[in-house]
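Per-entry structural report
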Amino acid sequence: MTDTPARLLGLLSLLQTPREWPGSELAGRLGVSPRTIRRDVERLRDLGYPVEASRGVAGGYRLVAGTAMPPLVLDDEEAVAIAVGLRTAAGQSVSGIEEASVRALAKLEQVLPARLRRRVGTIGTATVAVPATGPVVDPTQLTVFAGAITNRETVRFRYCAHDGAETRRRAEPLRLVAAGRRWYLVAYDLDRADWRVFRADRVREAQATGGRAVPREPPATDLAAYVVDRFHDLAPSYRAVVVLAEPASRIDPRLGQATGDLTDLGDGRCRWRSRPDTVDWLAFRLLGLGCAFTVEEPPELVEHLKVLAARAAAAVPD
């Protein structure tokens, strides 16, 4: 690549990928000599791009944080992805991001070519984002974790559990997972020597320590499913025993895979012994059967149904 401006833009695009690039690999990608790479790196530094060089066999170049943010180089797909993401960011559960998203989107759309603006507009008119109603997350905590994940650093933070107890944690963050209307951090807890899932809205004072994270086998291939399963496993489960005011032959098809044990009692009634599950799910399944029923056990399900009944009654005007 003999065109210096084009080569500099190509080099900058590579360096903006968060990794360390050996000079020989950059030279091979751009079709120039390592000496040319060294000169081009100096040109980028003169333009205000903080390119850091490290020596040794594993050394190379990487773009680091500077005192000011220099212009970014984005290809078409990256620009469209960012614009669409900014348009929907206001509906996410990240505190304080709405106004910043609007400002960033205005700057980006001002310089987008017409063909890309049309693509962004088409996607925007064809989609509707449901505003988030879950707990809000401090975006600073998310950026600390995201940076530590990219740089493979350990972090420390304060964590408030469901019962209000606060602990200090040291962890190796693996991934941030958005599930439902919440953000979760999957990390290896160094003090407990095991994988943990943390709710990001309960994290305070997250800091990267600079210490290197140890490469570990992830707890699962599908981390999103792992987060869902993990919190389901932590929730208390119960086996319900319920008398339903319909014969088992009618109830069985409605229960589907959640059948459990059905016993026909005669007189148009049957008894259902469920598989163990949460009171939320058991109540949902019972109310969805469309028939009268009496809960024999557990008492936790009875209390939960009373709460739901009171909530439903309060929602109906006199």
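Everything that follows concerns the structure shown earlier in this document.
So, here is what we can say about the structure in this document.

**Here we look at the overall build of the chain**
Within the chain, the secondary structure is distributed over 11 helices and 11 strands. Split into buried and exposed, the 318 residues of the chain put 32% on the buried side. Look at the contacts in the chain between residues 6 or more apart in sequence, and 57% of them connect residues 24 or more apart. Surface summary for the chain: the accessible area is close to 19,300 Å², and the carbon and sulfur share equals 53%.

**Overview of the environment of Arg250**
Position of Arg250 among the secondary structure elements: in helix α9 (residues 248-255). Look at Arg250 and you get exposed, because its relative accessible area is 53%.

**Remarks on the pattern of salt bridges**
Across all of its chains, the model carries 17 salt bridges by this definition. Residues Glu52 and Arg62 are paired through a salt bridge, measuring 3.2 Å at the closest nitrogen-oxygen approach. Note that Glu52 is positioned in strand β1 (residues 51-53) and Arg62 in strand β2 (residues 61-63), a separation of 10 residues in sequence. The salt bridge partner of Arg271 is Glu296, with a shortest N-O separation of 3.1 Å. One end of the pair, Arg271, is in strand β10 (residues 269-273); the other, Glu296, is in strand β11 (residues 293-297), and 25 residues separate them in sequence.

**A few points about the pairing of strand β8 (residues 241-244)**
The side-chain alternation of β8 yields two buried faces, one formed by Val241 and Val243 and the other by Val242 and Leu244. Judged from the 4 bridges that link them, β8 and β10 form a sheet pairing that is antiparallel. Counted as the bridge partner of Val241 is Arg273 from β10. Relative to β11, β8 runs antiparallel, the two sharing 4 bridges. Paired with Leu244 across the strands is Phe293, a residue of β11.

**Thoughts on the side chain of Asp189**
Following the sequence through the fold, Asp189 ends up in strand β5 (residues 182-189). Accessibility expressed as a relative area gives 0% for Asp189, which makes it buried. Here Asp191 takes part through its backbone nitrogen, which lies 3.1 Å from a polar atom of the side chain of Asp189. Here the side chain of Asp189 touches Arg192 through a polar contact of 3.2 Å, landing on its backbone nitrogen.

**A look at helix α2 (residues 23-30)**
Within α2 the residues assigned to the buried category are Gly23, Leu26, Ala27 and Leu30. Seen from one end, α2 has its buried residues packed into an arc of 100°, which puts them on one side. Facing away from the buried side of α2, by more than 90 degrees, are the exposed residues Ser24, Gly28 and Arg29. Close packing links the buried residues of α2 with α1 (4-15), α3 (34-46) and β2. Remark: Gly31 follows α2 within two positions and exhibits a positive phi of approximately 70°.

The rules behind these values
Residues numbered from 1 in each chain as written. Predicted model: local features only at pLDDT ≥ 70, side-chain atom pairs only at ≥ 80, totals over all residues. Heavy atoms only, no water. Helix = DSSP H or I, 4+ residues; strand = E, 2+ residues; numbered from the N terminus. Buried < 20%, exposed > 50% of the residue type's maximum accessible area, 1.4 Å probe, protein only. Contact = heavy atoms within 4.5 Å. Areas by Shrake-Rupley, 256 points an atom, 1.4 Å probe, with all protein chains shown as cover. Salt bridge = Lys/Arg side-chain N within 4 Å of Asp/Glu carboxyl O. Pairing = 2+ DSSP bridges. Polar contact = N/O pair within 3.5 Å; in protein donor to acceptor, adjacent residues only side chain to side chain. Arc of directions from axis to C-beta.

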